[in-house]
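Secondary and tertiary structure notes
So the chains spell out like this:
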Amino acid sequence: MNSETGTLFLHPDRNLALELVRATEAAAIRAVPFIGKGDKLGADGAAVDAMRKFLGTVDFDGLVVIGEGEKDHAPMLFNGEHVGTGNGPACDIAVDPIDGTSLTASGRRNAISMIAVSDRGSMLDASTVFYMDKIVTGAEGRGVIDIRLPIADNIRAFAEAKGKPVDEIVVAVLDRPRHEQLILDIRATGAGTRLMLDGDVAGGINACLYGTRIDMCVGIGGSPEGVATACAVKAIDGYMQTILHPQTDDERQRGMDAGLLFDHVYDADGLVTSDNTFFVATGVTDGNLVGGVKRLGPIIRTESIVLRSHSGTIRRVHADHLAEKWLD
């Protein structure tokens, strides 16, 4: 085995990303019959089953660090499960067959199927603490943003660094009662808000990408989603800070027992230590990041995005699938 082959065996390579797209495409397609039907558990179950089957064909040894939950509650894609053929690079993976099950069930925008990948042992396992406070921006936020400061200070500093008036800054926030004061504070600066019903992973990625209307994504959201977002942020030279946000003393103690740090700022490198990360997402419903699955006569069309930190590339993958191969 030469040194180049050895490196590719130990670390995720570019071909892996294209294999993973097949898994997110499958999950997105299988979720389509559930769009707008009010059955989020049915949608999630169909997507999990499809993603798991396709991951089983991929030549890698994937360890699910962030999945559907513990084994007793999730028969597939549970935390700690190994997926893939076992041949090829050893990876940590974060999976969410549908990020936005409620969006799917209600027929709303911005539901995606996603997989994030990094070298084995590099993803922070924050599963004992469900929430974290997050702030995500483009590269201009590096050395400027401080999550410990009031949001107004961060918005003004970031606007100056980006060379935009404050009243042109748009901040994405999950539309939750816990964010009522945060939203008021953002608007008090003159900045605008983009309220998200779900899916702060897509919101964070859009805050890093050029050409979107989102400049910043902030607020308290899921810790698993935060780690997955970090894989994407590292691939597109964004900036991110988070602080774990336990809901109870018991949750905090479980986190401490697991070695997590509290009142500590985790940046993207703290959440994912590897510099070789992938992020793959396929749209379930139409959204700002990717378009949703569409039926065009005998064709099912999907749109995906593939981000890779090692090469700094952003690829958009449009695929047509024969409907007869997918419909029962």
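Here goes a summary of the coordinates provided.

Calculation notes
- Residues numbered from 1 in each chain as written.
- Predicted model: local features only at pLDDT ≥ 70, side-chain atom pairs only at ≥ 80, totals over all residues.
- Heavy atoms only, no water.
- Buried < 20%, exposed > 50% of the residue type's maximum accessible area, 1.4 Å probe, protein only.
- Helix = DSSP H or I, 4+ residues; strand = E, 2+ residues; numbered from the N terminus.
- Pairing = 2+ DSSP bridges.
- Salt bridge = Lys/Arg side-chain N within 4 Å of Asp/Glu carboxyl O.
- Contact = heavy atoms within 4.5 Å.
- Axes fitted to C-alpha atoms, helices over the stretch in contact; angles between N-to-C directions.
- Expected span 1.5 Å × (residues − 1).
- Right-handed = clockwise from strand over helix to strand, strands pointing away.

Moving on, we come to the pairing of strand 13 (residues 299-308). Counting buried positions along strand 13 yields eight of ten residues, so the element is predominantly enclosed. Of the pairings in the sheet, the one linking strand 11 (residues 278-283) to strand 13 comprises five bridges and is antiparallel in character. Counted as the bridge partner of Ala281 is Ile305 from strand 13. Sheet analysis places strand 12 (residues 294-296) next to strand 13, joined by three bridges and oriented antiparallel. Note that in strand 13 the partner of Leu296 across the bridge is Ile299. The turn linking strand 13 back onto strand 14 (residues 313-322) is made up of four residues, and Gly312 within it adopts a positive phi angle of 65°.

Time to look at the pattern of salt bridges. For the structure shown, the criterion picks out 18 salt bridges. Between Lys164 and Asp215 there is a salt bridge, with its nearest N and O atoms 3.0 Å apart. One end of the pair, Lys164, is in the loop between helix 5 (151-162) and strand 6 (170-174); the other, Asp215, is in the loop between helix 7 (200-208) and strand 8 (216-222), with 51 residues separating them in the sequence. Note that Lys294 is salt-bridged to Asp286, the shortest N-O span being 2.8 Å. A relative accessible area of 36% means that Lys294 is categorised as partly exposed. Since its relative accessible area comes to 35%, Asp286 is described here as partly exposed.

The next thing to look at is the sheet that holds strand 7 (residues 192-196). Strand order in the open sheet formed by six strands is 7-6-8-5-9-10, and the pairing between neighbours is mixed. The strands lining the two open edges of the sheet, one partner per strand, are strand 7 and strand 10 (266-267). Across six bridges, strand 5 (residues 131-137) lies against strand 9 (residues 239-244) in antiparallel orientation. Following the sheet pairing, Thr137 is matched in strand 9 by Tyr239. In this fold helix 7 packs onto strand 5, strand 6, strand 7, strand 8 and strand 9, with an angle of close to 155° to the strand it touches most, strand 8.

In this section: helix 5. Between the first and last C-alpha of helix 5 there are 16 Å, a value that for twelve residues agrees with the 16 Å anticipated at 1.5 Å per step. The inward-facing, buried residues of helix 5 abut strand 5, strand 6, helix 6 (180-188) and strand 8. Within two residues after helix 5, Gly163 carries a phi angle of roughly 75°, on the positive side.

This part is about the environment of Cys91. As for its position among the elements, Cys91 is in strand 3 (residues 90-99). The class for Cys91 is buried, based on a relative accessible area of 0%. On a C-alpha basis, the gap between Cys91 and Thr277 in space is 9.6 Å, while along the polypeptide they are 186 residues apart.

It is worth spelling out the pairing of strand 6 at this point. By the criterion of burial, strand 6 is predominantly enclosed, with five of the five residues buried. The alternating pattern of strand 6 places Val170, Ala172 and Leu174 on one face and Val171 and Val173 on the opposite face, and all of these are buried. In this sheet, strand 7 lies alongside strand 6 in parallel orientation, the contact comprising five bridges. Along strand 7, the bridge assignment pairs Val170 with Gly192. Between strand 6 and its parallel partner strand 7, the chain crosses via helix 6, and the hand of that crossover is right-handed. As paired elements, strand 6 and strand 8 share three bridges and run parallel to each other. Its bridge partner lying in strand 8, Val171 is registered against Met216.

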